[in-house]
Amino acid sequence: MRAALGHLDTLSRELEGHPLYRWIGDPQLKDSRRHYDCFIPLFGFVMSFPFYNERYLAFREDTRAPGQDTKLEDTINHHVQEDRTHARLFLADFRGLELDELWGTRHASALMWALWVSPLLDPGRAVESRRIQEVVGDEAVAPTYRYLHVEQLEKDGNLLFSATTRQAVRVKQQTGITPVYFGMHHLERESGHVGGSELEPVAFSAEQTERALKLVERKHALSVEMNDFMHRFVQMAEEAGGPEPLLSRERRERMRGVREQLAEYQAGRLPAPTWNPRPESFTEQGELIAAWHRHHADFVGHPVSALLREARGPEAVFALRCAALLFAPRISALHAFYLQDCRVAEPATGPGTPTVDFLRRAFSTEAELFFHDWEVLEMDARIPWTPAKLLEWWFFDKVYGRPEMEALHEFRRETLRHPNDPLLKYWALMSVHLMSRAFFGNLRALTERFAVDHPASPPLVYLQGTHHLLYGQMAPDWREPTCSTSLAHLPATDAQRRAVLRMMEAFAAYGRKQFDNLARALSTDRECFAFLGEEWRRIP
Ligand SMILES: [Fe+2]
Ligand SMILES: [Fe+2]
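Sequence order as written defines the numbering, with residues in each chain counted from 1. All chains are assigned letters beginning with A, and all ligands numbers beginning with 1, in the order in which they are written. A pLDDT threshold of at least 70 governs which residues receive local features in this predicted model, and a stricter bar of 80 or more applies before side-chain atom pairs are shown or counted, although totals over entire chains, interfaces and linings include all residues.

> Sorry, what's going on with the overall build of the protein here?
A tally of regular secondary structure across the protein gives 23 helices and 0 strands. For a compact globule the rule gives 2.2 Å times the number of residues to the power 0.38, and the radius of gyration it is set against comes from C-alpha atoms. Relative to the compact-globule value of 24 Å for 540 residues, the protein shows a C-alpha radius of gyration of 24 Å, a close match. Buried, partly exposed and exposed are defined by the number of other C-beta atoms within 10 Å of a residue's own C-beta, namely 20 or more, between the two limits, and 12 or fewer respectively, with C-beta atoms placed from the backbone. Scored against the burial criterion, the 540 residues of the protein give a buried share of 46%. Going along the chain from the N terminus, every DSSP run of H or I of four or more residues is numbered as a helix, and every run of E of two or more is numbered as a strand.

> What exactly am I supposed to notice about the nonpolar core here?
General note: in soluble globular proteins, nonpolar side chains tend to be found buried as a group. Judged by nonpolar contacts, the single largest core of 155 residues is most densely connected at Ala114, Ala319, Leu320, Cys322, Ala323, Ala324 and Trp427. Take this core: its biggest share by element is 19 residues, from helix α15 (residues 313–341). Lining this core are residues from two domains, each supplying at least three of them: domain 1 (2–255) and domain 2 (304–538). Definition of nonpolar core: a set of buried Ala, Val, Leu, Ile, Met, Phe, Trp, Tyr and Cys residues joined via C-beta atoms within 7 Å. What counts as a domain boundary in this text is fixed by an automatic or database domain assignment.

> So what exactly am I meant to see when it comes to the domain arrangement of the protein here?
Frequently, the measure chosen for interface size is the accessible area that the parts lose on association. When cut into domains, the protein gives domain 1 (2–255) and domain 2 (304–538). If you average the C-alpha positions of domain 1 and of domain 2, the two centres end up 27 Å apart. The contact criterion used is a C-beta to C-beta distance within 7 Å, with each C-beta placed from the backbone. The interface is formed by 29 residues belonging to domain 1 together with 30 residues belonging to domain 2. For the side of domain 1 that touches domain 2, the secondary-structure elements that each account for two or more residues are α3 (43–57), α5 (86–96), α7 (108–117), α8 (122–136) and α12 (243–266). Of the residues assigned to the side of domain 1 that touches domain 2, the class counts are 15 nonpolar, 7 polar and 7 charged. Residue polarity follows a fixed list, in which Ala, Val, Leu, Ile, Met, Phe, Trp, Tyr, Cys and Pro are nonpolar, Asp, Glu, Lys and Arg are charged, and the others, Gly among them, are polar.

> I keep staring at the environment of Leu339 and nothing clicks. Help me out?
If you trace the backbone, Leu339 turns up in helix α15. Residue Leu339 is classed as buried on the basis of its C-beta count, with 21 C-beta atoms lying within 10 Å. Along the primary structure Leu339 and Ala367 are separated by 28 residues, whereas in three dimensions their C-alpha atoms are 11 Å apart. When sequence neighbours within four positions are dropped, the list of residues in contact with Leu339 reads Asp122, Arg360, Arg361 and Ser364.

> I would appreciate a short explanation of the confidence of the model for the protein in the present structure.
Interpretation of this model should avoid reading the predicted coordinates in detail wherever pLDDT is low. Residues at a pLDDT of 70 or more form 98% of the protein, whose mean pLDDT is 95. Confidence of the predictor at the level of single residues is captured by pLDDT, which takes values from 0 to 100. Every residue in residues 536–540 is under pLDDT 50, and counting partners more than four places away or in other chains gives 2 contacts.

> Which parts of the structure should I look at to understand the packing of α15 against helix α17 (residues 366–376)?
When two helices pack together, their arrangement is given by the angle between the helix axes and the distance between those axes. Between α15 and α17, the shortest axis-to-axis distance is 8 Å and the interhelical angle comes to 155°. One finds that α15 runs roughly antiparallel with respect to α17. Each of Ala324, Ile331, Ser332, Leu334 and His335 in α15 lies in contact with α17, whose residues at this interface are Ala367, Phe370, Asp373 and Trp374. Considered class by class, the residues forming the contact of α15 with α17 number 6 nonpolar, 2 polar and 1 charged. Where helices are involved, their axes are fitted lines through C-alpha atoms of the stretch in contact, as for all axes, and angles between N-to-C directions lie from 0 to 180°. Reported orientations rely on four angle classes, namely roughly parallel under 35 degrees, roughly antiparallel over 145, roughly perpendicular from 65 to 115, and oblique for the rest.

> Help me understand the environment of Gly350 in this model?
Take Gly350: it is sitting in the loop between α15 and α16 (353–363). Taking the number of C-beta atoms within 10 Å as the measure of exposure, Gly350 has 17 and is therefore partly exposed. Sequence separation of Gly350 and Asn420 is 70 residues, and the distance between their C-alpha atoms is 8.2 Å. Once residues lying within four places of it in the same chain are set aside, the contact partners of Gly350 are Asp421, Pro422 and Leu423.

> Which parts of the structure should I look at to understand unusual backbone geometry?
Excluding glycine, most residues fall at negative phi; most peptide bonds, likewise, are trans. Backbone torsion omega between Glu346 and Pro347 reads 0°, so that peptide bond is classified as cis. Here Pro347 is to be found in the loop between α15 and α16. Backbone geometry at Glu98 places phi at a positive 55°, although glycine is not the residue there. Checked against the element boundaries, Glu98 lands in the loop between α5 and α6 (99–103).

> When you look at the environment of Ile132 in this model, what are you seeing that I'm missing?
Along the chain, Ile132 turns up in helix α8. For Ile132, a count of 23 C-beta atoms within 10 Å puts it in the buried group. Once the C-alpha coordinates of Ile132 and Asp341 are considered, the two residues, 209 residues apart in sequence, prove to be 9.1 Å apart. Once you skip the residues sitting within four places of it in the chain, Ile132 turns out to touch Tyr56, Arg412 and Leu416.

> For this particular structure, what's the right way to read helix α4 (residues 71–83)?
What sets the pattern is the α-helix's 3.6 residues per turn: residues three or four places apart point alike. Across its 13 residues, α4 extends 19 Å between first and last C-alpha, which sits within 8% of the 18 Å expected from 1.5 Å per residue. Along α4, the positions that sit buried rather than exposed are Leu72, Ile76, His79, Val80 and Asp83. When α4 is viewed along its axis, its buried side chains cluster within an angular range of 100° and face the same direction. Turned more than 90 degrees from where α4 packs its buried face, His78, Gln81 and Glu82 sit exposed. On its buried side, α4 packs onto α3, α5 and α9 (143–175). The span one expects for a helix is its residue count, reduced by one, times 1.5 Å. Think of it as the arc spanned by the lines of direction from the helix axis to the C-beta atoms.

> Would you explain α12 in this entry?
A rise of 1.5 Å per residue sets the reference length of α12, with its 24 residues, at 34 Å; its end C-alpha atoms lie 34 Å apart and thus fit the reference within 8%. Those residues of α12 that sit buried are Pro243, Leu246, Leu247, Arg251, Val258 and Gln261. Just downstream of α12 lies Gly268, where phi reads positive at about 80°.

> How do you make sense of the packing of helix α20 (residues 401–416) against helix α23 (residues 494–522) when you look at a structure like this?
Look at α20 against α23: their axes get within 8 Å of each other, and the N-to-C directions meet at 165°. Taken together, the axes of α20 and α23 lie roughly antiparallel to each other. Of the two possible hands of crossing, α20 and α23 adopt the one that is left-handed. Note on element contacts: α23 touches α20 through Met503, Ala506, Phe507, Tyr510, Gly511, Lys513 and Gln514, opposite Pro403, Glu404, Glu406, Ala407, Glu410, Phe411 and Glu414. For the contact of α20 with α23, the class distribution of residues is 7 nonpolar, 2 polar and 5 charged. Definitions for this section: a left-handed crossing has its near helix turned counterclockwise from the far helix by less than a right angle. A right-handed crossing has that turn clockwise.

And the structure:
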């Protein structure tokens, strides 16, 4: 174990010389807060960090064998208890330093874009996905390996926050505000170590040492990749005059593309695909397909269905807006889920990678269409909360945000646990599909009523279930794919069957909570969302 820790030290010292840290600490930009722009690529990761700690790094009490030495587990669990609170520190600085102004994320849609959807920020999301993959796989079940993961993260954090703390002195001079996340308060909690010397007495075999050294190398490579990207991003932002013009220009261009494709669709030149990812018939994987239909039927029969079906007039608009607000994180986060988490890592353990690649790339374009509907429903203008309050609600609200974030992280865990298996990835895509098919089936009545009641308004597209308008951007052969669009015809081993059933179960159990919550928002909690109603705006 000493060898692995020593190697980690060496690589960490190497990382210390990364130009990103110099850039953060430099006095070159007039507005010192701008040196925190490099956190935009980490925005989603920082906000999700409590869940990363609780759900991936912590050892769950019920999985721990009684009577075993749990010193390492205890140390890790003690550590994550502290780290999980740091997203709140970030929110305090985001609010206090008015980063929403600086980053151009005053409106909900701009927040969603930066957090989850902007293609410009995809390279950072790719690193985040592989970081999660590293800690949810079989290897990191062993406390010693997981300890190394956390130790690496700590060293990384110590370097990054040492740099932001150097800049914090100038920030304090210029704004009068002492940063807590970017300053000494946080750095004091990022010592660069998980605990003390717990790991030193652990003896590793030659094979384990080899594994540990490889793990440390992979993690280091990810840190370098992330730092490189953060550094590249701030250079792009500087050239564009700041992150605000950079990201809003990107969004404007992408939205122009959406409107062009919508016009094509309305003119009949972009018909819906003739394929879908579902199996054609009951085959080799009959029991999995049957389970899929069972789960799907549960979602179709969810009590929220009746609430949505019965909504008329202003109530229909209210329901659409509630659905948009509650499901915004899920819809947006699916962009990276498809593109990054569903990627089959090489070497693949079986056939089917082209199918998974086709589906995940095509589906990853869908979230952009949601931004069109967001505009049609005038969501930005109706949400009365500050960006910090909205972030807090989306991520940490005990009833609405937190359970949904937990669900999204469970989706990711299940999908990233078997990184090399195309069949598992296919069923991960299908597990999302079973919920969304039920969801859009329910919303359809509402979107049709909306069109009748608002003849002058552009149509709702994404919420209507029309999702193919941008497929061509990522899958040029989307009209007539050259690969099969389902993998349900392949033989499956018992282990694969068990893994797929477990995955569907987890997706359905966690995914259902937001359906429950939509029903709650439309009934018992409706007063809390009065600002989404038609009448609300007329009050001066
Ligand atoms: Fe931290
Ligand atoms: Fe930490």
